[in-house]
Amino acid sequence: MTPMVHLCLLALLLGSADGSGLEGQKVSFENMVVEVAEGTPVPYVLYQFQVNNPSVNGFRLNGEGSDAIKISEDGWLYLDKPLDWSHNDNYLVAVEALVDDEAVEGPVYVTINVLDVNNYAPVFNQSYYIAVVRENALAGVPFTRVFASDRDDPSTPNAQLRYSLVSQIPSKNSTLLFQVDAMTGEISTSQQGQQSLKASETIQFARGEDHGVDALKAKFDGYCPAPTVPHDQNPFFTCVERAETRRRNINPLEDPDYTLFVRVQDMAGASEMALSGNTRVHIVVQPNLWVNPGRLSVTEHAEGSYPRVLTKVQSNEPDAVYRLVQKERELTFPFQINEDGEILLTEELDREEKDMYILVVMAEDQFNNEVDPPMEIQVVVEDVNDNAPVCVTEESVFEVQEDEPVGSLVGQLLAHDDDEEGTLNALLTYTILSQDPPTSPDAFTIDAASGRIQALRSLQRREHQVYRLSVRVSDPVYSAECKVVVKVIDVNNELPLFEKNDYGSHTLAEDADVGHTVLSITASDADDPESGSSFIEFHISAGDDDGVFAVETDGRGVGHLVIAKPLDFETFTFYKLKIDARNPEPLMSGLQYGSDSSTFVSLSVTDVDEVPEFTLDVLDVAVAENTTKGTVLLTVEAKDPEGKEIRFKMEGDSQGWLEMDETSGQIRTKEKLDRETLETFEVKVTAFEKDNLDKFEERLVSVRLLDVNDNIPKLTETKAFICRKKPEAVFIKARDTDAPPFSQPFSFAFAHGKKSHNWDLQVVDGTTAKLTLKKTPEKDEIFSLNINIKDNAGVGVTQAFHVHVCTCTELGYCYVAPAERAFMLGLGPTIGILAGVLGFVVIAFVIVIKRSSKKEATEERNALM
């Protein structure tokens, strides 16, 4: 196509020959970025360059894509050929303005980004797939996978693939036995498939057994004995032989059990415009011999010889090696497995020691690799009646008050049986064998199922104070005899009486210790001294709503009034306590506690000069590190119990950042805070009485500085080199002293967001990026790359990174030719060298003079001789 034709087409596209129809596309002579969809019909105008120099009479274009990207003499940049994203997704061209073929402006750079369109259908990497699945394979566990690819841009929906199962052959009752993962293409059985998939019936061979024709005939005769028809003329044997041959030489492609039709669509399958591809999956179902036998039951203490076979497992791999592992870590493991998969019990089991074992069976090859998934088998030990009932205590003692009505509960006898709970072996029956002293009729009865003992008559202490019972506890086989003692105790017909009805007045200092005994009180009870009727408890019933005092006692009539909580003169100065004496056993009907069962104590609290008290026990403050000077961080509050004037002081501020107002307790900033210097620190605050410095209280104030984004990521290294012959990526690392979220992860990009035609920059992790050289220069060269590094909050600056692309030595370092090592020394090194040379000359001169003098002296001595 001639330039004139191009210009005509451009004029048509623009709407007028002077380009007035190109709205928004005329630009000044500067760097530009433009986007164009791949396959755009040509010619297609990108934009027009304009320059202020009226002498410009042409433009020159250099760079990538010169066969497809053109520029006219009057500055129209256009496409001459459609662009293909899959070939190149961006182009970088340089434009110069010319006057008579001489560049007068530029070059300026134009980056052309090619936008992908959905013009490639996804393609499976195989036209068909073959797969094998075991019958009853677990639903959702993949046994094969299909894979497709799309040549469109992977960062766009054009290459987002979704898989789906179109159909299944055969499909009985339209039930799908398989499913495909829409994202990964993994194929597994469905829930229905897990239950329904069955392999064809086959002949089973034992480990190491011959699989030849003669062995097949023998097995056939075992299943179908007696016929006199020769095997080669027996249609039933011929059918079995053919099926066995098919199983051994299975070809999923020619004789599959199922064929799946799988589709893949781009654009995530969510558009009617989505493109698709299809494939087939041929599946053969093989028998699954690796079947869990289920829970096994073994009777404890079973008689007979050991080891004995419990069950047998069979791997799908004929040459598998079996191994047995115990799931729990027990001292003994009475199980083994032999090479044929038989699980053996090696000794008697005792349910009372362990009622269940979990065995894990492994099937492995000769290299200890699993050929089948581990199988868990539960072994439950069944109970036999081999334990006798046992009384919980050697002798059970119960108390019952006299005159209790008939049927009153005396107590419940406790016994247990170690046999399995909930079975007849542990079902206990209670029977009273004897009663001492005997009565007529019997004084007690026992519930045969629960062991509850009840009185059959109203008991009188004057008749018998103690009864002894012998109770038999039995299961269906064994029995035990338990002893029971029943004590008839006195009825609570006597009141506890204080020795004094008023214990007078007492004085306590408000700083008296908690637990301090104020006084002792005494009461007595005329009931039976060894019964609950004579046991005395003391209760403060009035005068102490806050529970400041308590009475401690052993129940034998003596109580100790103690301080249970700290005293406070400013809250209460006087207490009048009413203390009651009470029995834990109920009083006899008609009897009530009177005034003689209560006493009074008067207590006065005296004032003590106490230390100031802080309103808060924990003083924590968190503040941003950029808080301005003079800001109040915290107001410490304290008061003196006696209302005296207090002052504050602060110690321990190692950085000198804070100050405290001694009157108000305000803590302010007096210098700039810096979290990177010190993130947390503590200062000690003291509140003291103004007129008595010995009365003070201290608290620690914890200060935590909150980070602000006052630091930028900085390069840890600013220089690197790349060998020209073996260019390898350079890793750029940055560091930011701020804390999250103002530090990493960092973003790395070339300055101004532009792509480089010669360098590639990719983020590796939160602090590192990888710099890769795309095109190796013809000679050694130092490149200065402007890289913009920003923290997680988007704060950062552009930093220079220098890369020396050089010829390297065998050790992998830049080679520097000797001629290039010339340098000039500064004044200091020059003076040093001159001084060294001068010193050397002086020393040499001295040596020569000494040697000359020595020679002359020698000659004089020789002359005298």
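The rules behind these values
Throughout, a residue's number is its position along its own chain's written sequence, starting from 1. Local features in this predicted model are restricted to residues of pLDDT 70 or higher, and side-chain atom pairs are both shown and tallied only at a pLDDT of 80 or more, whereas totals for entire chains, interfaces and linings draw on every residue. Calculation of side-chain values draws on the structure's entire complement of heavy atoms; hydrogens and water are dropped beforehand. When two cysteine sulfur atoms are found within 2.5 Å, that pair is recorded as a disulfide. Put simply, DSSP H or I for four residues or longer makes a helix, DSSP E for two residues or longer makes a strand, and each gets a number counted from the N terminus. Here, a strand pair is defined by DSSP locating no fewer than two bridges between the strands. In this analysis a 1.4 Å probe is tested at points of a 1 Å grid over the protein atoms alone, and where it fits but cannot get out there is a cavity; an open set with protein on both sides within 12 Å along at least five of seven lines is a pocket; lining residues have an atom within 4 Å of a point. Grid points are joined across faces, edges and corners, and a volume is the space filled by probe spheres set on the points. Residues are sorted three ways: Asp, Glu, Lys and Arg are charged, Ala, Val, Leu, Ile, Met, Phe, Trp, Tyr, Cys and Pro are nonpolar, and all the rest, Gly among them, are polar. To get an axis, a line is fitted to the C-alpha atoms, and for a helix only the part in contact is used. The angle between two axes follows their N-to-C directions and goes from 0 to 180 degrees. In the sections that follow, a salt bridge refers to a side-chain nitrogen of Lys or Arg positioned within 4 Å of a carboxyl oxygen of Asp or Glu. Relative accessible area decides the class of each residue, using a 1.4 Å probe on protein chains only: under 20% of the type maximum gives buried, over 50% gives exposed, and in between gives partly exposed. The patch calculation keeps residues exceeding 30% relative accessible area without a salt bridge and links them within 9 Å when they carry like charges or within 5 Å when they are nonpolar (Val, Leu, Ile, Met, Phe, Trp, Tyr). Surface accessibility follows the Shrake-Rupley procedure with a 1.4 Å probe radius. Residue values consider only the protein chains on display as shielding. Every residue pair with non-hydrogen atoms within 4.5 Å of one another is taken to be in contact. When the centres of two rings from Phe, Tyr and Trp lie within 6.5 Å, Trp using its six-membered ring, the rings pair. Their planes under 30 degrees apart give stacked, over 60 give edge-to-face, and anything left gives tilted. Two thresholds decide whether a charge sits over a ring: the Lys NZ or Arg CZ must be within 6 Å of the ring centre and within 35 degrees of the ring normal. Definition of nonpolar core: a set of buried residues of the types Ala, Val, Leu, Ile, Met, Phe, Trp, Tyr and Cys, connected through side-chain atoms within 4.5 Å.

Now for the state of the cysteines. Scanning the model with the defined rule gives three disulfides in all. Put simply, Cys 391 and Cys 482 are joined by a disulfide, and their sulfur atoms are 1.8 Å apart. Judged by the sign of its S-S torsion, about -90 degrees, the bond between Cys 391 and Cys 482 is left-handed. Residue Cys 391 is found in strand S25 (residues 390–391), and its partner Cys 482 is found in strand S33 (residues 479–489); the two are separated by 91 residues along the sequence. A sulfur-sulfur separation of 2.0 Å characterises the disulfide bridge that pairs Cys 723 with Cys 808. Between Cys 723 and Cys 808 the sulfur-sulfur dihedral comes to about -95 degrees; the bridge is accordingly left-handed. With Cys 723 in strand S52 (residues 719–723) and Cys 808 in the loop between strand S58 (796–806) and helix H5 (827–864), this residue pair connects regions lying 85 residues apart in the sequence.

Let's shift gears to the pairing of strand S22 (residues 342–345). Relative to S22, strand S19 (residues 308–312) is paired through four bridges, and the arrangement is antiparallel. By the bridge assignment for S22, Arg 308 is matched with Leu 345. Between strand S21 (residues 335–337) and S22, which pair antiparallel in sequence order, lie four residues; one of them, Gly 341, sits at a positive phi of approximately 85 degrees.

As enumerated under the stated definition, the model contains one cavity of 30 Å³ or more in all. Taken as a whole, the largest cavity encloses approximately 40 Å³ of empty space. Asn 90, Tyr 91, Leu 92, Thr 111, Lys 755, Ser 756 and His 757 together form the lining of the largest cavity. Of the residues forming the lining of the largest cavity, the biggest block, three residues, is contributed by strand S7 (residues 90–99). For the lining of the largest cavity, the residue count by class is two nonpolar, four polar and one charged.

Turning to the sheet that holds strand S46 (residues 646–651), a few remarks are in order. Ordered by their spatial adjacency, four strands build an open sheet running S43-S50-S49-S46, and the pairing between neighbours is mixed. Because the sheet does not close on itself, it has two edges, and the strands there are strand S43 (619–624) and S46. Averaged over neighbouring strand pairs, the angle between their axes works out to 30 degrees when direction is ignored.

Applying the stated rule across the entire model yields 19 salt bridges. Residue Lys 483 pairs with Glu 481 through a salt bridge whose shortest N-O separation is 3.2 Å. Classification of Lys 483 by relative accessible area gives partly exposed; the value is 40%. Between Asp 580 and Arg 582 there is a salt bridge whose closest N-O contact spans 3.7 Å. Judged by relative accessible area, Asp 580 falls into the buried class, the value being 8%. Overall, Arg 582 belongs to the partly exposed group, its relative accessible area being 22%. Salt bridges here are not isolated pairs; linked through shared partners, they connect Arg 351, Glu 352 and Asp 383.

Residues Phe 721, Leu 811 and Tyr 813 make up a contiguous nonpolar surface patch of roughly 370 Å² in combined accessible area. Classification of Phe 721 as partly exposed rests on a relative accessible area of 36%.

Among the structural elements, Gln 744 can be located in the loop between strand S53 (730–735) and strand S54 (747–750). Overall, Gln 744 belongs to the partly exposed group, its relative accessible area being 44%. Along the backbone, Gln 744 and Asn 792 are 48 residues apart, and their C-alpha atoms lie at a distance of 5.5 Å. With residues up to four places along the chain from it excluded, the contact list for Gln 744 reads Gly 766, Thr 767 and Asn 792.

Going from Gly 106 to Pro 107, the amide bond is cis rather than trans, its omega being 5 degrees. A cis amide bond links Pro 740 with the next residue in sequence, Pro 741, at an omega value of 10 degrees. Position of Pro 741 relative to the elements: it lies in the loop between S53 and S54. Positive phi, close to 60 degrees, is recorded for Asn 136, a residue that is not glycine. Along the chain, Asn 136 turns up in the loop between strand S10 (128–134) and strand S11 (144–145). Positive phi, normally seen in glycine, also occurs at Asp 403, with a value near 70 degrees. In this structure, Asp 403 sits in the loop between strand S26 (395–401) and strand S27 (409–412).

Below, the discussion takes up the environment of Ser 190. Counting through the fold element by element, Ser 190 comes out in the loop between strand S15 (186–189) and helix H2 (191–196). Ser 190 sits in the buried class, given a relative accessible area of 9%. Ser 190 sits ten residues away from Val 180 along the chain, and the two C-alpha atoms are 9.2 Å apart. Setting aside residues no more than four positions away along its own chain, Ser 190 makes contact with Ala 139, Leu 176, Leu 177, Phe 178 and Gln 179.

Once that is clear, we can look at the packing of aromatic side chains. Scanning all chains against the criterion turns up 15 aromatic pairs. With centroids separated by 5.2 Å and ring planes inclined at 70 degrees, the aromatic side chains of Phe 335 and Tyr 357 adopt a geometry described as edge-to-face. In this pair, Phe 335 sits in strand S21 while Tyr 357 sits in strand S23 (residues 356–364), placing the two residues 22 residues apart along the sequence. Here Phe 335 matches Tyr 357 in class, with each residue buried. Their ring planes at 80 degrees and their centres at 5.2 Å tell us that Phe 444 and Tyr 467 sit as a pair that is edge-to-face. Taken together, the residues span a long stretch of sequence, with Phe 444 in strand S30 (residues 444–446) and Tyr 467 in strand S32 (residues 466–474) at a distance of 23 residues. Here Phe 444 and Tyr 467 have matching classes, each one buried. Arg 308 extends its terminal NZ or CZ atom over the ring of Tyr 306, reaching a point 4.4 Å from the ring centre. Its end group placed over the ring of Phe 600, Lys 576 keeps NZ or CZ at 5.6 Å from the ring centre.

Tyr 47, Phe 49, Phe 59, Leu 83, Val 95, Val 110 and Ile 112 are the most contacted members of the largest nonpolar core, which has 24 residues in total. Put simply, the parts of the chain that give this core at least two residues each are strand S2 (32–37), strand S3 (44–50), strand S5 (69–71), strand S6 (76–79), S7 and strand S8 (102–115).

Turning next to the side chain of Asn 90. For Asn 90, the location among the structural elements is in strand S7. Judged by relative accessible area, which is 16%, Asn 90 ranks as buried. Contact partners of Asn 90, with chain neighbours within four places excluded, come to Glu 64, Ile 112, Asn 113, Val 114 and Lys 755.

You can see Phe 572 is positioned in the loop between strand S39 (558–563) and strand S40 (574–582). Along the primary structure Phe 572 and Thr 606 are separated by 34 residues, whereas in three dimensions their C-alpha atoms are 9.9 Å apart. Not counting the four nearest positions on each side in its chain, Phe 572 is found in contact with Asp 546 and Val 605.

Spatial ordering of the open sheet is given by S18-S24-S23-S20, a layout of four strands whose pairing is mixed. In this open sheet, the two strands that pair with only one neighbour each are strand S18 (296–299) and strand S20 (321–326). Averaged over all pairs of adjacent strands, the angle between their axes in this sheet comes to 30 degrees, without regard to strand direction. Note: S23 against strand S24 (residues 370–382), eight bridges, orientation antiparallel. From the neighbouring strand, Val 360 faces S24, where its bridge partner is Glu 376.

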